[in-house]
Amino acid sequence: MLHSDIEDPSQRKHVRTLPVLSDKYYYYKVGTTLDQLEGNSETNFFFLKKSLKPGSKTKKLDFVKKVHLTNGWPTLLPCREAQGFPFSSSKLADVLKRFSLDPNSAIASTVKQTLEDCEMEANKGETKYWATSLESMVDFAVSQLKINYLQLLTYSFVNKEEREPKSRVYTVQPGVVELPSSQAVVCHIQSYPYAVFHCHKTVKTKSYIVTLVAEEDGSRMSAGAVCHTDTSSWNANHTSMLAPGIKPGTPVCHFLSMWRS
């Protein structure tokens, strides 16, 4: 059991220093603008498939967000503990009370947005699920992919000492590995007093393991990348379309990072 030495997860101190993550599901639905994206380094993670060719240069990528190293991640609760907490916008007052959050605070507003995102209708052709524990995340992935063996795709530093949170331009190295499956379950961490993930099953995707070397200092890392081959029903004003300057129907890829799992 995780954190078995703490009786009540609501008393874990870091819930009061909640890192504010972008509300991806909300902005997918309503869209955004180029002006709103100005200065947002997350847009650099989107690219076209041709950029997976060895020798290609990335934009400046920050795989490790400094805010998470400073404030820490929300606690990942065991299923039994997570089920003991209300998780509904109709129970917002109870949620805020349980975690001693000021209803007029910015954190309370972020929690409210996360709960409302969870209750939004799924995108066309999408199966979505909001996992409040590691067990529920794994159960959802197994049920959707109909397999008992899961391959985790994320990122890892080859140079373990090179974990400094800074942006780097990387060069794609030879030996890009394409994984065989065209389906995946992708989970995005959300802003909440404990770890909550927006998980959704993606189809018509291709997944890759890419070795990257930083131009600045030679730091090496192995990064996961996902290419969505059918974006015909996507929001034309979503970051994934605006950042690379494309329209729905054009395949788009992105690297996986600490906040884009």
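Quick notes on the rules
Each chain has its residues counted from 1, running along the sequence as written. Owing to the predicted nature of the model, reporting of local features is limited to residues with pLDDT of at least 70; listing and counting of side-chain atom pairs is limited to 80 or more, with chain, interface and lining totals taken over all residues. Computation of side-chain values covers all heavy atoms of the structure but excludes hydrogens and water. Two aromatic rings from Phe, Tyr or Trp, using only the six-membered ring of Trp, form a pair when their centres are within 6.5 Å; if the ring planes differ by under 30 degrees the pair is stacked, by over 60 it is edge-to-face, and anything between is tilted. Helix numbering and strand numbering both begin at the N terminus, where a helix is a DSSP run of H or I of at least 4 residues and a strand a DSSP run of E of at least 2. Whether a residue is buried, partly exposed or exposed follows from its accessible area with a 1.4 Å probe, protein chains only, as a fraction of its type maximum: under 20%, in between, or over 50%, in that order. Only strands that DSSP links by at least two bridges are regarded as paired with each other. A residue's pLDDT is the predictor's confidence in that residue, given on a scale from 0 to 100. Two residues qualify as a contact provided that any one of their heavy atoms is within 4.5 Å of a heavy atom in the partner residue.

Asks: I'd like to hear about the packing of aromatic side chains, residue by residue, with values.
Replies: On inspection of all chains with the given rule, the structure shows seven aromatic pairs. Look at Phe47 and Phe255: their rings are 4.6 Å apart centre to centre, the planes differ by 35°, and that puts the pair in the tilted class. Taken together, the residues span a long stretch of sequence, with Phe47 in strand β1 (residues 46–47) and Phe255 in strand β10 (residues 252–255) at a distance of 208 residues. Seen from their ring centres, Tyr192 and Tyr194 are 5.2 Å apart, and the 85° between their planes marks the pair as edge-to-face. Accessibility assignment for this pair places Tyr192 and Tyr194 in one class, buried.

Asks: Mind laying out the pairing of β10, listing which residues take part and the relevant values?
Replies: Of the two faces of β10, the one carrying Val252 and His254 and the one carrying Cys253 and Phe255 are both buried. One ladder, built from two bridges, connects β1 with β10; its direction is antiparallel. Following the sheet pairing, Phe46 is matched in β10 by His254. Of the strand pairs in this sheet, strand β9 (residues 220–228) and β10 are connected by four bridges, and their pairing is antiparallel. Looking across to β10, one finds that Val226 is bridged to His254.

Asks: So what about the confidence of the model for the protein chain? Which residues, and what values?
Replies: In regions of low pLDDT, the predicted coordinates are not meant to be interpreted in detail. Here the protein chain averages 80 in pLDDT, while 76% of its residues score no lower than 70. Within the model, the stretch residues 1–16 combines pLDDT values under 50 with 35 contacts to residues more than four positions away or in other chains.

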